[in-house]
Amino acid sequence: VKLGAAGLVLVGFCGYYDLIKEEVPLSTLEQIGEFIISMQKPDGGFISKYLAATGPDESWVSLYYPGEAAFGLVELYKLTNKQKYQ
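Residues numbered from 1 in each chain as written. Predicted model: local features only at pLDDT ≥ 70, side-chain atom pairs only at ≥ 80, totals over all residues. Heavy atoms only, no water.

### Some remarks on helix H4 (residues 65-80)
Here's step 1: With 16 residues, H4 extends 22 Å between its outermost C-alpha atoms, agreeing within 8% with the 22 Å of an ideal straight helix rising 1.5 Å per residue.
Here's step 2: For H4, the set of buried residues is Tyr65, Ala69, Gly72, Leu73, Glu75, Leu76, Tyr77 and Thr80.
Here's step 3: Asn81 sits one or two residues past H4 and shows a positive phi near 60°. (Helix = DSSP H or I, 4+ residues; strand = E, 2+ residues; numbered from the N terminus. Expected span 1.5 Å × (residues − 1). Buried < 20%, exposed > 50% of the residue type's maximum accessible area, 1.4 Å probe, protein only.)

### Focus on the environment of Glu75
Here's step 1: With respect to the secondary-structure elements, Glu75 resides in helix H4.
Here's step 2: Along the sequence, Glu75 and Gly15 sit 60 residues apart, while their C-alpha atoms lie 7.5 Å from each other.

### Here we look at the pattern of salt bridges
Here's step 1: For the coordinates displayed, the defined rule picks out six salt bridges.
Here's step 2: In this structure, Asp18 engages Lys21 in a salt bridge whose closest nitrogen and oxygen atoms are separated by 4.0 Å.
Here's step 3: You can call Asp18 exposed: its relative accessible area is 63%.
Here's step 4: For Asp57, the salt bridge goes to Lys49, with nearest N and O atoms at 4.0 Å.
Here's step 5: Looking at Asp57, the relative accessible area reads 15%, which means it is buried. (Salt bridge = Lys/Arg side-chain N within 4 Å of Asp/Glu carboxyl O.)

### With respect to the packing of aromatic side chains
Here's step 1: Considering all chains together, one arrives at two aromatic pairs under this definition.
Here's step 2: Ring geometry for Phe35 against Tyr50: centres 6.0 Å apart, planes inclined by 85°, an arrangement best described as edge-to-face. On the criterion of sequence distance, the pair formed by Phe35 in helix H3 (residues 26-38) and Tyr50 in strand E1 (residues 49-51) is long-range, its members being 15 residues apart.
Here's step 3: Here Phe35 falls in the buried class, since its relative accessible area comes to 18%.
Here's step 4: Their ring planes at 70° and their centres at 5.4 Å tell us that Trp60 and Tyr65 sit as a pair that is edge-to-face.
Here's step 5: Classification of Trp60 by relative accessible area gives partly exposed; the value is 39%. (Phe/Tyr/Trp six-rings, centres within 6.5 Å; stacked < 30°, edge-to-face > 60°.)

### Section: the environment of Ser62
Here's step 1: Assignment of secondary structure puts Ser62 in the loop between strand E2 (55-57) and H4.
Here's step 2: Overall, Ser62 belongs to the buried group, its relative accessible area being 7%.
Here's step 3: A sequence separation of 50 residues divides Ser62 from Gly12, and the C-alpha atoms of the two residues are 20 Å apart.
Here's step 4: A polar contact of 3.0 Å, which involves the side chain of Ser62, links it to the backbone nitrogen of Tyr64.
Here's step 5: Here the side chain of Ser62 touches Tyr65 through a polar contact of 3.0 Å, landing on its backbone nitrogen. (Polar contact = N/O pair within 3.5 Å; in protein donor to acceptor, adjacent residues only side chain to side chain.)

Interpretation note: all reported values are geometric properties and have no functional meaning in isolation.
Pasting the structure below:
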């Protein structure tokens, strides 16, 4: 799973939430948000990839994925008003 993809999914789903809420519940969007939060390192940086077989993969760092992830969290915050997504 790529961090940036998770962020962009949130951006899209949050933007069209009124249209998709029957198919994609808010709890699913929050699970994606929790995944993004779990990929944040103590220094504030992000791990760019998660491999199903081994977990977080720090062998490669993206310049774009953290911004995409942050954008997704901001959009999720706008839907939920939960501080942890701010």
